[in-house]
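Residue-level structural notes
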Amino acid sequence: MGNLITQSPWAAISVAASRARQPSHVAVAYLGLKGDELLPLSTDSKLVVDVSLSAVRAGITHPGALLKIHKRGVRVFTATLLHEKVFEFDGVGFV
């Protein structure tokens, strides 16, 4: 049985991402200024995020953080109006 995290889940998500031995799969609505630090994805991982012009102009998706993630070898995809928050690390999921 899983654990229910009712406070901020980011500490657990960051640890799971940094410890993942397999490529990870993430769909998250936005990635802010420190998103590359909160989400230390490894090479060959996949990230789907809203990189629309409106999300970037509003400052809720940060191109610099995405560039850092991309330079790590993460495949970045965009989906406008994405609202998901789904993370998978070595078969463990966060929703």
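**Thoughts on the overall build of the protein**
Broken down by element type, the protein carries four helices and five strands. For the protein, the N- to C-terminal ordering of α and β elements is α-β-α-β-α-α-β-β-β. The C-alpha atoms of the protein give a radius of gyration of 13 Å, which matches the 12 Å a tight globule of 95 residues would have. For the C-alpha atoms alone, the extent of the protein along its principal axes is close to 40 × 30 × 20 Å. Across the 95 residues of the protein, 32% fall into the buried class. Taking the contacts inside the protein whose residues are at least 6 apart along the sequence as the reference set, 67% of them involve residues at least 24 apart. When the 10 basic and 7 acidic side-chain charges of the protein are each reduced to a single mean position, those positions are 5 Å apart.

**Some points on the pattern of salt bridges**
Pairing between side chains of opposite charge can happen when the charged atoms of each approach one another. Applying the stated criterion across every chain, the model contains one salt bridge. A salt bridge links Lys34 to Glu37; the nearest nitrogen and oxygen atoms lie 3.9 Å apart. Exposure remark for Lys34: the relative accessible area of 48% places this residue in the partly exposed category.

**So, the side chain of Asp36**
Within the secondary structure, Asp36 is located in helix 2 (residues 35-38). No salt bridge is formed by the buried Asp36, whose closest oppositely charged neighbour, Lys68, lies at an N-O distance of 4.1 Å.

**Observations regarding helix 4 (residues 63-71)**
Of the residues making up helix 4, those classed as buried are Ala65, Leu66 and Ile69. On an axial view of helix 4, the arc spanned by its buried residues comes to 100°, and they lie on one face. Each element contacted by the buried residues of helix 4 is listed here: helix 2, strand 2 (46-49) and strand 3 (75-78). Of the residues flanking the end of helix 4, it is Gly73, one or two places downstream, whose phi is positive at about 95°.

How each quantity is defined
Residues numbered from 1 in each chain as written. Predicted model: local features only at pLDDT ≥ 70, side-chain atom pairs only at ≥ 80, totals over all residues. Heavy atoms only, no water. Helix = DSSP H or I, 4+ residues; strand = E, 2+ residues; numbered from the N terminus. Rg over C-alpha atoms; globule rule 2.2 N^0.38 Å. Buried < 20%, exposed > 50% of the residue type's maximum accessible area, 1.4 Å probe, protein only. Contact = heavy atoms within 4.5 Å. Lys, Arg positive; Asp, Glu negative; His and termini not counted. Charge placed at Lys NZ, Arg CZ, Asp CG, Glu CD. Salt bridge = Lys/Arg side-chain N within 4 Å of Asp/Glu carboxyl O. Arc of directions from axis to C-beta.

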